[in-house]
Amino acid sequence: MRQTAAVPADMMVLMNYIYEYQKGIRHLVLQTFNKKYEEFAIARLESQNINYIVRKGGDNSINLFFGREECLSAIRLIVDRPLSDLTPEEDFMLGVLLGYDIRMQCERYCDRKCKHCKKCKDNVSQ
């Protein structure tokens, strides 16, 4: 009987993101995963002629961006260091580019920008 290797969950997610990109649901994707899958992920993207950027994540992880070249050009300008070192403004722009919920991005921005003050919350009209 022939055995097939199980596809790791991270690579199943990658294949779903590729599908969504190809269907036009997403124009830019960020996936963080163990760097042991980097070769597989890059081969998959290259076989589909999808542009990508790889950035170091943690000690054993990478951040893989892929999508439309216009979006990747913006990523090259914004993400030039670890994601945890981005300014609140850069973090906000990245989230918006990735299509994250705008209200949550605004809350995240205010939280990161005003860690020690209530400036953002005090100016919100109720």
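What counts as what
Residues numbered from 1 in each chain as written. Predicted model: local features only at pLDDT ≥ 70, side-chain atom pairs only at ≥ 80, totals over all residues. Heavy atoms only, no water. Helix = DSSP H or I, 4+ residues; strand = E, 2+ residues; numbered from the N terminus. Core = buried A, V, L, I, M, F, W, Y, C linked by side-chain atoms within 4.5 Å. Buried < 20%, exposed > 50% of the residue type's maximum accessible area, 1.4 Å probe, protein only. Contact = heavy atoms within 4.5 Å. Arc of directions from axis to C-beta.

## Comments concerning unusual backbone geometry
Here is step 1: Residue asparagine 49 is not a glycine yet carries a positive backbone phi of 55 degrees.
Here is step 2: One can find asparagine 49 in the loop between α2 (38-47) and β2 (52-56).

## What about the nonpolar core?
Here is step 1: Formed by 13 residues in total, the largest nonpolar core has its most connected members in Leu14, Phe33, Leu64 and Phe66.
Here is step 2: It is helix α1 (residues 9-22) that contributes the most residues to this core, 4 residues altogether.
Here is step 3: Residues contacting leucine 14, with those up to four places away along its chain left out, are Gln31, Ala41, Leu64 and Phe66.
Here is step 4: Within the second largest apolar cluster, 12 residues are counted, among which are Cys71, Ile78, Val79 and Leu94.

## Notes on α2
Here is step 1: Turning to α2, its buried residues are Ala41, Ile42 and Leu45. Relative to the axis of α2, the buried residues are bounded by an arc of 95 degrees and lie together on one face. Opposite the buried face of α2, at more than 90 degrees from it, the exposed residues are Glu39 and Ser47.
Here is step 2: Buried-residue contacts for α2 involve α1, β1 (28-34), β2 and β3 (61-67).
Here is step 3: Just past α2, the residue asparagine 49 takes up positive phi, approximately 55 degrees.

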